[in-house]
Each structure stands twice: as structure tokens, then as C-alpha cells.
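# Coordinate analysis (summary)
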Amino acid sequence: MTEVATDPDVLEGVVADQDVPANGDLAAEGWRSEDLAYTERPVIPVELLVSHPGNVREDKQADQAFCRSVASAGIITPLEITVEPGGGYRVVDGNVRLDAALKVGLSAVPYFFSADTADDEGLQYLHMLISSRFRTSLTVHEEAQALFSAAQAGMTRAEIRKATGLSAGEVKAGVRAGGLNYMAKEIAAGMDYEWTLEELALLKPFEDDPEAMEVIRRSRYGPLKYTVQRLLDEREAKARRAKMVAELEHSGITVTTERPEGAVPLSRLLNGSQQMDADAHADCPGRGASLGSWMSASPNHYCLDPVKHGHVFAETGTTSPPEPAVVAPVAQEAKPNADRKIVVEGNKAWVAAGTVRQQWLHEFLMLRALPRNVASTIARFVTEQLVTMPEPLCRALGGARHSRLFESFGAPAPETVAKSTQPGLWMLALAPIATAYEREITGDGERRNTWREDKYSPCTREDAGAWLRFVAEIGAKHGYEPSPIEKAVANGVPYRGDNPAEDLIEEADTDQTSTELVATGQDEEHDDQPIDAVEQAPQGTQESEPGPVAEPDASAGPASASGTADAAADPQEVHLAAHMEEEIADLAEEFDAADIYADAA
């Protein structure tokens, strides 16, 4: 260890008794590299240092991340010191570094002596200002590049994490973000957005997709994670549909977007005494399947000419088709395209918002201890829910522990409860309540209607709003920002799109096909299987099991019509004739159920 000079006027030089020319002049001056002798940087025992009594920083403590870095890499930037009137040396700049050194047990730290501040306390304060004001910190983009370059140079993530004090997640995200291509980096740098390493890393899957990057650039009203999740949902849906089409065509089935005119869905045909299915229809020359373009669409098999191919109709019990129904003109006007676009937009948004929210709930509920800044909020909410027992809890709380969501939220067991502290018990009690709400508002079937004001859903919009307001309240202090559709439900206002409604209206397509289908009663893409069974939840985030659903009462409004339509489409029920008239009358309201995930453009 280099000894500290007791006389502050004694300074250690880089090269003893020689004037070293600038680097560019070394060769010209006849200097050789072996002529240069470099000393180690001077260090001083921490026991000789005292913190500045007038340190202007309000936060004088080194945080855990900085302490982890100091423990691994030591102090990199020397402390500026001067003489202390009472003996020893005073730290002018670097008091937080000294605090970190003391906390991790360093015996000495690097320093440089500031002789001109020894007798000028005012200048000491100005040095604190100057050293901070003219120090340019790395941007998050530069931080990501540094982490990426360190990994490229051969450092492991564990080594980077130790040296920097960053969390494992931050290092992983930073390395990933640092590897973004030029286009993605340019777009991100040009956005008026305060990026984090984790957020930059979210761009990686879209760096070669200009359209997706443009969506991200234009998204100003929703959280980045939510926008990215919507893009991922769209990409996954397209890939799933392409795979489904390839499999159907490989098996010799003609795939169409809509059921051809005159074709009959297999749900209206019989195979013996059972409803006809795709396997039983496999050898028929008239086989085909329609596959909608919306997310998680399922193929709807049909026969092009059941009379020609000798199939038995469920309505008549013979090979003779039923008499065509007389379709009365639909009194209700077709919905404008802008309204239909908002329904499509909302259904996609609700799925993506649920995915992001449940990912955040997983991270939050897995915390080992109840965060103090939201402890009273959680305790009050849990108590209120158990005392009032709203409908979502009445239906879903009993079966919550059998849910995959409950496992994702920590699945606290009796032994966990026994070991928990009293504050931690509130966090454990929140897990089944969170599971119940999330199942009821993001599950299958009518649960997907929770965000809508014009549709029945098992969980009322009011109950869903109470849950979302609670999540937003605790999330505000723990890194969660609700999406536009969540805000709409929480505030009890209509959802009009992620961007202002006028943008949706301007972009509304002019295609009249769906409007015409409503007016003619032909929009029946899903009449060979129940609408509730059409969509499956996104992998790893949504619930696939239906769970108990209470019978809607008369006050539920659209419940009876929706419920009747679903029952008529049930593969176990073949009494379509009895419900045909009611279905036709209700098509104007129900048409968007088949188009819930139709392409917006």
C-alpha cells in the first residue's frame, strides 16, 4: 500500500523528475515506452478520512447496488480530499463512495489531494457542484452498449453483475438491448421516452420489423410493455393460423376464410345418432373448413353439398334439408365501421392488458416481504373483499387454489403461512383474491366481455373496476402502469381505443362486408361450435378451465340472449330449429362475437 504523505504539499508524480511530453510527441522526443515508469494510484486508509460536515447531497447513503459493485470492483473514481482542521483528511467530493467503502469493509480507497481547497471552505462547496454539474452520465442506450460490449469481450453475466452491482435481470436486459440493430437503436433514441434497460430489451423481437417498430414509435398512450404484448399476440396469432392452415391443407381439406354459399356446417349434420365431426366427415368429397382471421380462431368444418353426398340433417332426421327459414328484415341498423373497429380493438387490448397485468402480479406477489409503502392499502383491500364478498369472489375464490394462475402467484401453502410474519400474511391472503378476479375478468367465453358496456359478463364492470383501481394504486409505487383499456374500466368510462377516438375513426376501413353480413344474417362463422370454446387463453398467462359460472338473472340485460345463442351452438345440443328464429333476431348484436379478433385493417 502506498503511504499517505503527512505533508499535503508532498504530491506523488507519475514519472519522477521528468517532464513527460504529450502522447503524440513521444516518438518525436525520442521517448520509448520502456522509459516511462508509472506508479500505482495512491490510496489512503479509510480510517484517516472524515465525511464533509457540510456535504450538500441530501442522500448521503450508498445504495445496495452501489455497495455490491464496490465490494466486487472497488472504488474506481478517486476521492477528492483536503486537510481536516481537527486532524486527518476531509472528503470534498466522494462522500457516497466513502460510505460504500465503509459499508463493505474496504481498508483503503484511491484519492487525490486538493491543495487549493485546504484553506478555502467556499471552494470546497464549489468543487462539489462542479464535479457533479459537468459530469455527463451515460445514457441508457450507452449503458446497454457497455454491457453488450463487456459480454462480447468474454465476461459472463455473473461477472458483469458482480462488477456493476446490477441485478441479474438488468444485466440480461442490458446485454440484449445492446445488441439491437442500428434501425432499432435509432428509433429508440429518437423517441421522447425515458427508457430503462428492461424496456429497451423489449424491442429485440421487432428490430427487423419496420411496421412493428413504427407501432411502438407512435404508441404514446399505453405502457410500452402493453404495446409490445399486443404486437406479440398479433404475431403469435398469425403464426398459429398459418400453421393451422398448413395442417388442414396437408390433410386435403380446402380452407376458406368464410363458409361458401350453400355449404352446411357439420354441427347441423348427423353421423348415425351423433353429431357429425371432422373425423367422420374425412372421406367426404365435399369436405372443407372456414378459418377466420381473428386471434385463436378455430376451423369450422362444413360440407359443400350434404344432399348430394347423402348426409342426414339434424333438423329433419333425414337426408332432406329443412325448409329455409323466412328471414325478416333486421330492424336494427348495422353498426358503423368505427364502432366495430373499437370492439375489435378492445378485445385485443383486453387480452394483452391481462397478460401484462398478470406478469406484473406474479413478480409482485413473489416478493418475500410485504412492501411497507403499500402494506396498509393491501390490508384494507383484502379485509374489505372478505367482508363484502363481491360476486367474483363468490364464484371463483373456492376453486382458486386449483388454478394455474394461483401457482403463478406463489401458491402459498399452509406451511408458508406458518412461517410468515404478520405483515407477510396480507400478501399471502392477496394471492387467492388476485386469482379469483383475474380468472373472472380474463377467462374464456363471456368473461372476455368484462371491458364492454353493452355485453353481459359474469364479473360486472363495476367489480372489475374496483380490482383494477387497487392494482393501479399499488402498482404506481412498484412499476406498474395500467393500459388505456384498464383505465377506462377503472374509471367507469367507455373504451374508445388506445389512441384518441378520432384516430380510430380516421383509420376505419371502408369495407362493407361485415355490415352486409349483419343485415342479411349470414355472419355465422362459429355456428358449429360454441363461441365460448373458440378462444384459448395465451400460453402461460390466461386460464383455460372455465370455472363455475353463475346463472345470469333477469337484471343482467343481454345475458339471456347471449346465453341462448351459446347453448344453441353447443355441440352436445342439436335442437337448432327451436332456436333458429331467436338467433336470427339476435345476429345484429352477436355478429362481432365471431369477428372479435378480425384484422383491424
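Values in this document were obtained by computation on a predicted structure and should not be read as measured data.

Rules behind the numbers
Residues numbered from 1 in each chain as written. Predicted model: local features only at pLDDT ≥ 70, side-chain atom pairs only at ≥ 80, totals over all residues. Heavy atoms only, no water. Helix = DSSP H or I, 4+ residues; strand = E, 2+ residues; numbered from the N terminus. Buried < 20%, exposed > 50% of the residue type's maximum accessible area, 1.4 Å probe, protein only. Contact = heavy atoms within 4.5 Å. Areas by Shrake-Rupley, 256 points an atom, 1.4 Å probe, with all protein chains shown as cover. Phe/Tyr/Trp six-rings, centres within 6.5 Å; stacked < 30°, edge-to-face > 60°. Lys NZ or Arg CZ within 6 Å of the ring centre and 35° of its normal. Pairing = 2+ DSSP bridges. Polar contact = N/O pair within 3.5 Å; in protein donor to acceptor, adjacent residues only side chain to side chain. Patch = residues over 30% accessible without salt bridge, like charges linked within 9 Å, V, L, I, M, F, W, Y side chains within 5 Å. Salt bridge = Lys/Arg side-chain N within 4 Å of Asp/Glu carboxyl O. Lys, Arg positive; Asp, Glu negative; His and termini not counted. Charge placed at Lys NZ, Arg CZ, Asp CG, Glu CD.

## Digging into the overall build of the chain
Tallying secondary structure elements over the chain gives 22 helices and twelve strands in all. Within the chain, the fraction of its 601 residues that count as buried is 43%. Here the analysis covers contacts within the chain between residues at least 6 apart in sequence; of these, 76% occur between residues at least 24 apart. For the chain, the exposed area adds up to about 32,000 Å²; of that, 52% sits on carbon and sulfur atoms.

## Describing the packing of aromatic side chains
Under the defined criterion, the tally for this structure stands at nine aromatic pairs. For the pair Trp-360 and Phe-364, a centre-to-centre distance of 5.0 Å together with 15 degrees between the ring planes defines the contact as stacked. With Trp-360 and Phe-364 both in helix α11 (residues 337–365) and four residues apart, this pair spans about one turn of that helix. Like Trp-360, the residue Phe-364 is buried in the burial classification. For the ring pair Phe-381 and Trp-467, a centre distance of 5.9 Å and an interplane angle of 45 degrees mean the geometry is tilted. Placement of Phe-381 in helix α12 (residues 375–388) and of Trp-467 in helix α17 (residues 461–475) is noted, with a sequence separation of 86 residues between them. Each member of the pair, Phe-381 as well as Trp-467, is classed as buried. What links up through ring pairs into an aromatic cluster is the set Phe-381, Tyr-437, Trp-467 and Phe-470. Note that Arg-357 overlies the ring of Trp-350, its terminal NZ or CZ placed 5.9 Å from the centroid.

## Here's the deal with the sheet that holds strand β2 (residues 49–50)
The five strands lie next to each other as β1-β5-β3-β4-β2, forming an open sheet whose pairing is mixed. Looking along the sheet, the strands with just one partner apiece sit at the ends: β1 (43–45) and β2. Sheet topology places β1 next to strand β5 (residues 108–113); three bridges connect them, and they run antiparallel. Paired with Val-43 across the two strands is Pro-110, which belongs to β5.

## Observations concerning the side chain of Asn-95
With respect to the helices and strands, the residue Asn-95 is situated in helix α2 (residues 95–104). Among the polar contacts made by the side chain of Asn-95, one reaches the main-chain amide nitrogen of His-52 at a distance of 2.9 Å.

## Re the environment of Leu-425
The residue Leu-425 is located in helix α16 (residues 422–442) in this model. Spatially, the C-alpha atom of Leu-425 lies 9.3 Å from that of Ala-369, the residues being 56 residues apart in sequence. What Leu-425 contacts, discounting residues up to four positions off in sequence, is Val-417 and Ser-420.

## Comments concerning a negative patch on the surface
Taken together, Asp-116, Asp-119, Asp-120 and Glu-121 make up a surface patch of like negative charges. Note that Glu-121 resides in helix α3 (residues 121–133).

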